[in-house]
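Coordinate inspection notes
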Amino acid sequence: MQNKFYFDIHVSQEQKDYTKKLVDYSLAHHPVANIWDAKKKDKTQTLRLTGTLGEVVFADLYGLPRPKRSFGAIDGQDYGKDFEILANGILMNIDIKTMHRKTSVFYENYVLNIPARNIKRHDSITDYYYCISLHEHNKQTIASIIGYIKKQDVVAGEIGILYQKDTKRIRKDGTSFTFFEDTYEVFFKDIKSPLINDRIRKLDGFLLKRLKS
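Given the structure is predicted, the values throughout are model-derived calculations rather than measurements. (Residues numbered from 1 in each chain as written. Predicted model: local features only at pLDDT ≥ 70, side-chain atom pairs only at ≥ 80, totals over all residues. Heavy atoms only, no water.)

**As for the packing of aromatic side chains**
Scanning the entire structure with this criterion turns up 14 aromatic pairs. For the ring pair Tyr 6 and Phe 106, a centre distance of 5.3 Å and an interplane angle of 45° mean the geometry is tilted. Placement of Tyr 6 in strand E1 (residues 6–10) and of Phe 106 in the loop between strand E3 (90–100) and strand E4 (111–115) is noted, with a sequence separation of 100 residues between them. Overall, Tyr 6 belongs to the buried group, its relative accessible area being 1%. Judged by relative accessible area, which is 0%, Phe 106 ranks as buried. Their ring planes at 90° and their centres at 5.1 Å tell us that Phe 177 and Phe 179 sit as a pair that is edge-to-face. Through pairs of rings, three or more aromatic residues link up here, namely Phe 58, Tyr 62, Phe 83, Tyr 128, Tyr 130 and Tyr 148. When the ring centre of Tyr 18 is taken as reference, the NZ or CZ atom of Arg 66 above it lies at 4.7 Å. (Phe/Tyr/Trp six-rings, centres within 6.5 Å; stacked < 30°, edge-to-face > 60°. Helix = DSSP H or I, 4+ residues; strand = E, 2+ residues; numbered from the N terminus. Buried < 20%, exposed > 50% of the residue type's maximum accessible area, 1.4 Å probe, protein only. Lys NZ or Arg CZ within 6 Å of the ring centre and 35° of its normal.)

**As for the sheet that holds strand E10 (residues 183–187)**
Spatially, three strands are ordered E4-E10-E7 in an open sheet, and the strand pairing comes out antiparallel. Looking at the sheet topology across the chains shown, the edges are occupied by E4 and strand E7 (161–163). This sheet shows a mean twist of 30° between the axes of neighbouring strands, independent of strand direction. In terms of strand pairing, E7 meets E10 through three bridges, oriented antiparallel. Considered in E10, the bridge of Leu 162 is made with Tyr 184. (Pairing = 2+ DSSP bridges. Axes fitted to C-alpha atoms, helices over the stretch in contact; angles between N-to-C directions.)

**Quick notes on the pattern of salt bridges**
This structure, assessed with the given rule, holds nine salt bridges. For Glu 185, the salt bridge identified is with Arg 169, shortest N-O distance 2.8 Å. Of this pair, Glu 185 sits in strand E10 while Arg 169 sits in strand E8 (residues 168–170), placing them 16 residues apart in sequence. Here Glu 185 falls in the buried class, since its relative accessible area comes to 7%. Looking at Arg 169, the relative accessible area reads 22%, which means it is partly exposed. What emerges from the salt-bridge pattern is a single network uniting Glu 14, Asp 60 and Arg 66. (Salt bridge = Lys/Arg side-chain N within 4 Å of Asp/Glu carboxyl O.)

**Points about the pairing of E4**
Along E4, four of the five residues are buried, which leaves the element largely enclosed by surrounding structure. With five bridges connecting them, E4 and E10 associate as antiparallel partners. By the bridge assignment for E10, Val 111 is matched with Phe 187.

Pasting the structure below:
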């Protein structure tokens, strides 16, 4: 199993306020539609908040410049690179994937969903995907930093399962959903543990955790 640990940290009100300002501006001024608008337009604000907050948390976590805008800008194409990190001598072009969940207790067979269009896009410069999960607990927003995967490992078929559009999937809690586009599922157990240092260990709410089998 690749994932030896993940960790939780608290999300501050300032981070949420900063994120909301970016998203409010993007909804008012950035006209480019999201891919999900055809079927989930009522969730655009929520999805932009989730994605942008994940980027803000990641930036603060690793001492990187925060994003200065949310999604939808005409000149806002990042070609799959939200951040660039030099780790262990390797330059990582990172795309952040953030979801909202009900808990930070995760099992090995929980999954990270990545649209196939992201993986197969010819002009993408993504090297790695970083998985973040957000949830609320006692009025505190908690970010779970699950870890990262290498895009080439998905392309090569070493990790991930490709599900075609309109495939129905059953969640662990018995509820179901249907993919509205071709999507890869990557098991949490196949996600490499996140980068960590002493500064991160001292952050508010830091808690080291492990996947349940």
